Amino acid sequence: MLSINDLRASIEGKEILKGINLEVKPGEVHAIMGPNGSGKSTLASVLAGREEYEVTGGNVVFEGKDLLELAPEERAAEGIFLAFQYPVEIPGVTTINFLKTAVNEIRKYKGEAPLDAAQFLKMVREKAKLVSMNDSLLKRALNEGFSGGEKKRNEVFQMAVLEPRLAILDETDSGLDIDALRIVAEGVNTLRSPERATIVVTHYQRLLDYIVPDYVHVLYKGRIVKSGPKELALELEEKGYDWIKAEVEAVG
Amino acid sequence: MSTETIDLKTRLITDFHAREAVLNGEASSEFHQKKRAGLARFEQLGFPSIKHEEWKYSNVRDLISVSYDFNAESSIGLAELEDLKVPAQEANILYFVNGRYNAGLSTIISPVEKITISSLAEAYKNDPSKVASFFNELTKDADDAFTALNTAFTQDGVFIHIPDNQSVEHPIILRFVSDAREQNVGSQPRNIISVGKNAHVKLAEAFRTLGDQRSFTNAVTEIHVAEEANVQYYKVQNESENAYHIGTTQVRMLDRSHFYAGTVTLNGKFTRNNLNIVLDGEHCDAHMYGLYFPDGSQHVDNHTVADHQKPNSESNELYKGILRDKSKGVFNGKIFVRPDAQKTNAFQSCKNIVLSPDATMNTKPQLEIFADDVKCSHGTTTGQIDEEALFYMRSRGISRPEAMSLLMFAFCADVVSQIKIDSVREYLENVITRKLASK
């Protein structure tokens, strides 16, 4: 589904990703962990098409297409979804109007007729129920004045509506208390399916108690330095990142 | 000053004297004496150059470089107006074509025995002393050549008088159409609106142009807001690429009254709006909202004044603009707090999105505060579209142009939502949506 080959990217001339290799197959959940500044969020941003980053080498193939050639909106239409670490507040645009535009733009991209208001509302209500999203938030301006938990839940709700093939969760746990974390994780788990893959970017292991990964990768200094089964996350929780750093330095 | 500008000024003055010569007895009337004083004022001030502080960023040289027919006849009918319509619900609709009232096109549905809604010319015929006493009363001290010019030359406009405790159920829509199909046309409407104690009214002025020749509108509106009255006043300009518009709205508010203004400039070559509100009462509140969208080489200048003369009143102002291409925008917002006006609250904000490196926006807040126990604040921002918001929307599949449209529409929404005449607000939403989608 997703094949990242020797991906290099920099921002303002500073190289952040120094050759990332990663294969993701449908139905899999991959966790990307690593100390602060290792390049985790950069990887998520580059995959979603954030323009501040310059790709300086390598390639990314998604469902047979050269992902790096696509605009962010085309990537979304092809089935990539980025749940933001800091969802943006947009005054004056309601969540419902925002999503209706998004759904119909994606349908247009795929050559499908737009959903009418009734069809759209029915679908949205079902999805809101699925991820325990409060209906009253839908009519409010997008993320404006939402609590941290509400914003993250809104991300998961948008994911439910857009039904991506690959969901990338960028530090979705940051700023959440344990209850909010559980609700958001439940939403993500509800959306797991054999066709859908998920990349969970996180610093801490605690999110992985709820969203259990198939693989754990440790990113350090712009490279994946260790990969393993879910138990690797527990080991990191117990021992911290220093032993990994030491391992890398010893080899390097 | 070029010879051309002297020409238009001289021509106007000569024209005035020629008309005066055939007035006979009317020349000695109070009304005409006020007009003559207006001419003298205009003669003394002359057209402003950019050396004039109030006209620093707005050059009228182009405007006054040609002549205009201020008496152009028009055979305009409803069919030709179809495209220019601002759709209305049940409303009083008054048409002014090239500055003169057109009864055939107009519909007045509010009970005339309760409130007066008529043309200024007709009101003057019916009650000369009443109209003369209102005429130029609020603008008599104006230090503005265009207002003086309007005083000297106006021939028509609207005269609205709402007695105490009357509520005008249906909005009043004033449609000013410049018929510039054949020639350069000029019009100088004067609107006088007197709202009695505890009376309520919603009214809108809508300016449109027919044809591609030049039009020059020099409009003045005087609004008297008595104690406890509530007035919603909107000005919508959707004129041609050859339309020059200079307008002054002068408002005087008395105790516990409420005044809401919405000024929306959708299109026009050169626009200067002066909105001057004198809060001459306690516990009154004035609200000013503005929106402008110049593109091409259009120029939009909004000058506003909130003049607090008495204690315990509030003014609140929000102007927003989106500038494209090589357009220019100007905002000058003055707040005066006179020595007596303790406990004044005055807020002002002007926010702009500049979409092109060739577009410019000049903003100047000007606060003059002579009382010590007041709350005043002002802020202006001029920036580009929020890239982070744009990326967020694109990451959800919304194309860049569509995301831009949504963000800009949202930017306008807090001004548009303040327009309380439903049909006018819906009209604005439609025009704005089309305009935002067109680029």
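Treat the numbers as computed from the prediction; the structure is a model and nothing was measured.

**Side note on the overall build of chain B**
Counting its regular elements, chain B contains nine helices and 20 strands. Computed over C-alpha atoms, the radius of gyration of chain B comes to 21 Å, within 12% of the 22 Å expected from 2.2 N^0.38 for 439 residues, which places it in the range of a compact globule. By principal-axis analysis of the C-alpha atoms, chain B measures approximately 75 × 50 × 45 Å. Taking all 439 residues of chain B together, the buried fraction comes to 59%. Counting only contacts in chain B whose residues sit at least 6 apart along the sequence, the fraction spanning at least 24 positions is 86%. Only carbon and sulfur atoms are counted for the fraction: they give 48% of the accessible area of chain B, which is about 17000 Å². Within chain B, one finds 47 positive and 58 negative side-chain charges whose respective centroids are separated by 3 Å.

**Here's the deal with the overall build of chain A**
Helix and strand content of chain A: ten helices and twelve strands. Taking 18 Å as the expected radius of gyration for a compact globule of 252 residues, we find that chain A reaches 18 Å, a close match to that expectation. On the principal axes, the C-alpha backbone points of chain A span a range of 60 × 40 × 35 Å. Expressed as a percentage of its 252 residues, the buried residues of chain A come to 53%. For chain A, long-range pairs separated by at least 24 residues make up 69% of all intrachain contacts whose partners lie at least 6 apart in sequence. With an accessible surface of roughly 11200 Å², chain A has 49% of that area assigned to carbon and sulfur atoms.

**A look at the layout of surface pockets**
All names here are of chain B. The space that makes up the largest pocket amounts to roughly 640 Å³. Residue lining of the largest pocket: 28 residues in total, with Ala-142, Asp-143, Gln-250, Asn-276 and Val-305 positioned closest to the centre. Residue assignment for the lining of the largest pocket shows that the elements contributing at least two residues are β11 (243-253), β13 (270-279), β15 (299-308) and β17 (328-337). With five residues, β13 is the single largest residue contributor to the lining of the largest pocket.

**Some words on the sheet that holds strand β12 (residues 258-267) of chain B**
Residue and element names in this part refer to chain B. If you walk across this open sheet you meet the ten strands as β2-β1-β5-β8-β10-β12-β14-β16-β18-β20, and the pairing is mixed. Where the open sheet ends on each side, the last strands, each with one partner, are β2 (100-107) and β20 (375-383). In this sheet, adjacent strand axes meet at a mean angle of 10° when their direction is disregarded. Pairing analysis gives nine bridges linking strand β10 (residues 230-238) to β12, with the strands arranged parallel. Considered in β12, the bridge of Gln-232 is made with Tyr-260.

**Comments concerning the UniProt feature "domain: ABC transporter" (unreviewed entry) in chain A**
When the UniProt feature table is mapped to this numbering, "domain: ABC transporter" (unreviewed entry) covers residues 2-246 of chain A. With 39% helix and 29% strand, residues 2-246 of chain A has its two end C-alpha atoms placed 30 Å apart.

**Section: the packing of aromatic side chains**
All names here are of chain B. A complete count under the given rule lists 20 aromatic pairs over all chains for this structure. Arranged with centres 6.2 Å apart and planes meeting at 75°, the rings of Phe-70 and Phe-216 form a pair that is edge-to-face. Of the two residues, Phe-70 is situated in the loop between α2 (30-45) and α3 (78-81) and Phe-216 in strand β9 (residues 215-225); the sequence distance between them amounts to 146 residues. Above the ring of Phe-411, the side-chain terminus of Lys-320 is found at 4.3 Å from the ring centroid. Over the ring of Phe-336 we find Arg-338, and its NZ or CZ is 4.7 Å from the ring centre.

**Regarding the interface of chain B and chain A**
Each partner contributes residues to the interface: chain B has 16 residues there, and chain A has 30 residues. Buried area between chain B and chain A, both sides added, is near 2000 Å², and the carbon and sulfur share of it is 63%. Looking at the side of chain B facing chain A, the largest losses of area belong to B:Phe391, B:Tyr392 and B:Arg396, adding up to 40% of the total buried there. Counting every contact that joins chain B to chain A gives eleven residue pairs in polar contact (both at pLDDT 80 or more). Those elements that provide at least two residues to the side of chain B that touches chain A are α7 (387-394) and α8 (400-416) of chain B. It is α7(B) that provides the largest number of residues to the side of chain B that touches chain A, a total of six residues. Residue classes in the side of chain B that touches chain A are distributed as eight nonpolar, three polar and five charged.

**Concerning the sheet that holds strand β4 (residues 54-62) of chain A**
All names here are of chain A. Pairing within the open sheet is antiparallel, and its four strands lie in the order β2-β1-β4-β5. Of all strands in the sheet, those with a lone pairing partner are β2 (14-24) and β5 (65-66), marking the two edges. Across eight bridges, strand β1 (residues 2-11) lies against β2 in antiparallel orientation. Residue pairing across strands places Ile-11 opposite Lys-14, the latter belonging to β2. Against the sheet, helix α1 (residues 40-48) engages β1, β2 and β4, with an angle of about 110° to β1.

**Observations concerning α1(A)**
Residue and element names in this part refer to chain A. Counting buried residues in α1 gives eight out of nine residues, a clear majority hidden from the surface. Within α1, burial applies to Lys-40, Thr-42, Leu-43, Ala-44, Ser-45, Val-46, Leu-47 and Ala-48. Downstream of α1 by one or two residues, Gly-49 has phi in the positive range, about 100°.

**Points about the UniProt feature "domain: SUF system FeS cluster assembly SufBD core" (unreviewed entry) in chain B**
Feature annotation in UniProt places "domain: SUF system FeS cluster assembly SufBD core" (unreviewed entry) on residues 182-411 of chain B, given in this structure's numbering. Here residues 182-411 of chain B is 9% helix and 60% strand, with 39 Å between the C-alpha atoms at its ends.

Procedures and definitions
Residues numbered from 1 in each chain as written. Chains lettered and ligands numbered in written order. Predicted model: local features only at pLDDT ≥ 70, side-chain atom pairs only at ≥ 80, totals over all residues. Heavy atoms only, no water. Helix = DSSP H or I, 4+ residues; strand = E, 2+ residues; numbered from the N terminus. Rg over C-alpha atoms; globule rule 2.2 N^0.38 Å. Buried < 20%, exposed > 50% of the residue type's maximum accessible area, 1.4 Å probe, protein only. Contact = heavy atoms within 4.5 Å. Areas by Shrake-Rupley, 256 points an atom, 1.4 Å probe, with all protein chains shown as cover. Lys, Arg positive; Asp, Glu negative; His and termini not counted. Charge placed at Lys NZ, Arg CZ, Asp CG, Glu CD. 1 Å grid on protein atoms, 1.4 Å probe; cavity = no way out; pocket = protein on both sides within 12 Å on 5 of 7 lines; lining within 4 Å. Points joined across faces, edges and corners; volume = space filled by probe spheres on them. Pairing = 2+ DSSP bridges. Axes fitted to C-alpha atoms, helices over the stretch in contact; angles between N-to-C directions. UniProt positions renumbered as here; feature names shortened; annotations may be inferred. Phe/Tyr/Trp six-rings, centres within 6.5 Å; stacked < 30°, edge-to-face > 60°. Lys NZ or Arg CZ within 6 Å of the ring centre and 35° of its normal. Buried area = accessible area lost by both parts, 1.4 Å probe. Polar contact = N/O pair within 3.5 Å; in protein donor to acceptor, adjacent residues only side chain to side chain. Nonpolar A, V, L, I, M, F, W, Y, C, P; charged D, E, K, R; others polar.

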